[in-house]
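Observations on chain architecture
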Amino acid sequence: MYIQITPDNTWEDVQGELCDVVITALVALRTLTPDTRGVFERHLAGVRERSLGPAAP
């Protein structure tokens, strides 16, 4: 999947394309992973830690 952006696209077109990517990824994750929520939450925690540092206790 790719995002096709041309000079004729509006900001709303770009936002819609990004939403399509998110929806497609979440549907694929749910289709392939029984523990969708757990997989997503663990991955998000790793991204958060890489970006912001360890979470406060």
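Residues numbered from 1 in each chain as written. Predicted model: local features only at pLDDT ≥ 70, side-chain atom pairs only at ≥ 80, totals over all residues. Heavy atoms only, no water.

1. What about the pattern of salt bridges?
This is how the line gets drawn: One side-chain nitrogen of Lys or Arg within 4 Å of one carboxyl oxygen of Asp or Glu is enough to make a salt bridge. Helix numbering and strand numbering both begin at the N terminus, where a helix is a DSSP run of H or I of at least 4 residues and a strand a DSSP run of E of at least 2. Relative accessible area decides the class of each residue, using a 1.4 Å probe on protein chains only: under 20% of the type maximum gives buried, over 50% gives exposed, and in between gives partly exposed.
Counted by the stated rule, this structure contains 2 salt bridges. In this structure, Arg37 and Glu41 form a salt bridge, with 4.0 Å as the shortest nitrogen-oxygen distance. One end of the pair is Arg37 and the other is Glu41, both in helix H2 (residues 36-52) and 4 residues apart, which spans about a single turn. Residue class for Arg37 comes out exposed when judged on its relative accessible area of 64%. What makes Glu41 partly exposed here is its relative accessible area of 45%.

2. Concerning the environment of Ala55
By the element assignment, Ala55 lies in the segment after H2. Take Ala55: its relative accessible area is 57%, and that puts it in the exposed class. Residues Ala55 and Arg30, 25 residues apart in the sequence, show an inter-C-alpha distance of 27 Å.

3. Section: H2
Here is the rule: To estimate how far a helix should extend, the number of its residues minus one is multiplied by 1.5 Å.
Its 17 residues give H2 an end-to-end C-alpha distance of 24 Å, which sits within 8% of 24 Å, the value for a rise of 1.5 Å per residue. Downstream of H2 by a residue or two, Gly53 has a phi angle that is positive, lying close to 95°.

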